[in-house]
Amino acid sequence: MRKTFLLLAVIFLGLLSARQVSAQDETPQPPAPTPAQVIEAINNLRMSHGIAPLGVHPVLMQIGQMEAEGIAGGMAGHWRPNGLTLGQWLISLGYPLSGDLSLDGYRSENWGFAQSAEDAVAMWLGDDLHTNTMLSVERSDIGVGIAYSTGDESYVIVVETAWQTKSGLPQEEASIFLTGIPQTQVAYAAMSTLAAENGLLPQGMAPVTIATALPDGMVYHEVQYGQSLWSLAIAYGATIKQIQQLNGLADTTVQPGQRLLILQNATQPAPDSAPQVLVFPTQAFSTPTAISTATPALESTPEISERDRRNNMFGVVAIGVAALFLGGLFTVMTRKKPI
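All of the points below concern the structure found in this document. (Residues numbered from 1 in each chain as written. Predicted model: local features only at pLDDT ≥ 70, side-chain atom pairs only at ≥ 80, totals over all residues. Heavy atoms only, no water.)

Take the overall build of the chain next. Within the chain one finds eleven helices and six strands. The proportion of buried residues among the 339 residues of the chain is 35%. Residue pairs in contact within the chain that sit at least 24 positions apart in sequence constitute 65% of those at least 6 positions apart. Accessible surface for the chain amounts to roughly 22100 Å². Of this, 60% is attributable to carbon and sulfur atoms. (Helix = DSSP H or I, 4+ residues; strand = E, 2+ residues; numbered from the N terminus. Buried < 20%, exposed > 50% of the residue type's maximum accessible area, 1.4 Å probe, protein only. Contact = heavy atoms within 4.5 Å. Areas by Shrake-Rupley, 256 points an atom, 1.4 Å probe, with all protein chains shown as cover.)

This is how it looks when you write it as structure tokens:
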């Protein structure tokens, strides 16, 4: 009897545990975030900082969704089809990308795992690079892609932002850079074939202002946010290897505020007020010409110009008029009055 009772108790407890597990499985999961929610969260963040909101662009939406699905399927973050850079991917789909296309234009990308739009934005606010993607004033458009990753049990959220040309049309040189697959034509000089493979192309770009050479020929540059060894090498006409050797860098990582030696023995530009140089005239020697056998022409009286001819004629007429006037006046004065 006791054995039967224990057996029934075990069965009852087993059923109760199974029911509890089933109830836990039926707990509603939080709703999946949508691209519209992520875009709204980022635009609200921009407006809270006094920055204009971004417009939704279909090309950026397409790239963002493809990127998210690729990462959810096992691809690495910031992957690109056929070895394209992000800038090349954008212009290949017809996006009118602004900025220096040799530096891959004004574009950037964030990605990460999150359960909501708010979680994603909070995650990207953790560092300057990802924050700049959302808050850069050099952006006009946005696109968002979302895909569920079964292995990570989370959502892959990808954000693309870019700045399009004022005309809304692709730049004339856009087609040139499409031929630079898998990297742009000017990337890295001797390291160009390894640029895309090693992921050296930065995800965010900032323009480079060339520093003036010092009197000793040294050129130093203070790294600004969004600049990389790649963009510095292109701007100064150097290579990444040269900059690494000059500064003893073991890798390509640089930080904002870092002072780098870029060039040696550079030519310093001429000062605004250059010293005056005295030039002494030298005697000029004419080139000998062939001797002419023609009979020399007789010297003639210099011709009177048309202006002088008119002036002479005007003088003659004036003298004549004056003579007539004086003659008439004399006649009147000497005429005898009648008696």
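So that's the structure; there's more coming.
Residues of strand β5 (residues 219-222) alternate between two faces, with Val219 and His221 buried on one and Tyr220 and Glu222 left unburied on the opposite face. In this sheet, strand β6 (residues 259-263) lies alongside β5 in antiparallel orientation, the contact comprising four bridges. Its bridge partner lying in β6, Glu222 is registered against Arg259. (Pairing = 2+ DSSP bridges.)

So, about the sheet that holds strand β1 (residues 55-56). Strand order in the open sheet made by the four strands is β1-β3-β4-β2, with mixed pairing throughout. The open sheet terminates on both sides in strands that have one partner only, identified here as β1 and β2 (107-114). One ladder, built from two bridges, connects β1 with strand β3 (residues 141-149); its direction is parallel. If you follow Val56 over to β3, its bridge partner there is Ile142. Here helix α6 (residues 128-135) sits on the sheet and contacts β2 and β4 (154-162); the angle it forms with β2, its principal contact strand, is near 115 degrees. (Axes fitted to C-alpha atoms, helices over the stretch in contact; angles between N-to-C directions.)

On to the pattern of salt bridges. Summed over the entire model, instances satisfying the criterion amount to three salt bridges. Between Glu67 and Arg80 there is a salt bridge, and its shortest N-O distance comes to 3.2 Å. Pair noted here: Glu67 is in helix α3 (residues 58-72) and Arg80 is in the loop between α3 and α4 (86-92), with a separation of 13 residues, a long-range link. Each member of the pair, Glu67 as well as Arg80, carries the same accessibility label: buried. A salt bridge links Arg80 to Glu109, with the shortest nitrogen-to-oxygen separation between them at 3.1 Å. (Salt bridge = Lys/Arg side-chain N within 4 Å of Asp/Glu carboxyl O.)

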